[in-house]
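Each chain, written out:
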Amino acid sequence: MSALLVFIVQLLYVPILTIRTIMMVKGMKERAAAMGALEGIIYVVALGIVFSDLSNYYNMIAYALGFAVGLYIGAIIEEKLAIGYLTFEVNIPTRNQELIDRLREVGFSVSSSAVEGMTSTRYQLDCTARRDREKEFIRVVTEYEPAAFIVSFEPRSFKGGYITKAMKRRREKYLKKKKNAEQS
């Protein structure tokens, strides 16, 4: 029975560890600290059970298996949360104005420039989007440019531009809504 409890506690602990780590990397200090406190409590409980009887190998196996399954669950949760933004570099053979217009139409930021390829001039699109829109972005680009070369990476921070303005508008809308709710 204690092995099952250890396994379940690990299923809670490891996803929280994963989310806390992501929050730290993303600069969400306060949330990461809160998750860390919860993580610490759960960690001590699991280790307490395992260390209370070191001759019980089932507890140790449950700890390890719970850790492994917890990592898997944590990765799934992180993928669903998709916290943060991605920057995409899209390399295409010609200036595809239809693609650029479509990306802008569906809300992606797009900057384009001619770049020197190995044998010809190519075009590079620099785009930024929320991580939860990555598949949508790739689908739109592939629809208009099936042979596009797409690279994505996570920016740590950014200042100015389309995304910053959109975030500012959303914040102003949120504050206005909050103020109206307080007045009601």
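One can find the structure itself at the top, above this paragraph.
Conventions and cut-offs
Residues numbered from 1 in each chain as written. Predicted model: local features only at pLDDT ≥ 70, side-chain atom pairs only at ≥ 80, totals over all residues. Heavy atoms only, no water. Helix = DSSP H or I, 4+ residues; strand = E, 2+ residues; numbered from the N terminus. Buried < 20%, exposed > 50% of the residue type's maximum accessible area, 1.4 Å probe, protein only. Pairing = 2+ DSSP bridges. Salt bridge = Lys/Arg side-chain N within 4 Å of Asp/Glu carboxyl O.

A. Representation of the side chain of arginine 20 within the structure. Here arginine 20 lies in helix α1 (residues 2-25). Classification of arginine 20 by relative accessible area gives buried; the value is 17%.

B. Just the pairing of strand β2 (residues 109-116), in detail. Two elements, β2 and strand β3 (residues 121-130), share 8 bridges in a ladder whose sense is antiparallel. The residue bridging serine 109 from the neighbouring strand is threonine 128, located in β3. Counting the residues between successive antiparallel strands, the hairpin from β2 to β3 contains 4 residues.

C. Region of the structure containing the pattern of salt bridges. In this structure the tally under the stated criterion is 5 salt bridges. Two residues, glutamate 39 and arginine 20, come together in a salt bridge whose shortest N-O distance is 2.6 Å. Of this pair, glutamate 39 sits in helix α2 (residues 29-52) while arginine 20 is found in helix α1, placing the two residues 19 residues apart along the sequence. For the residue pair glutamate 39 and arginine 20, the accessibility class agrees, reading buried in each case.

D. Molecular detail of the pairing of strand β1 (residues 85-92). Burial analysis of β1 places 7 of its 8 residues in the buried class, the great majority of the element. Sheet topology places β1 next to β3; 8 bridges connect them, and they run antiparallel. Bridge assignment links isoleucine 92 to a residue of β3, and that residue is tyrosine 123.

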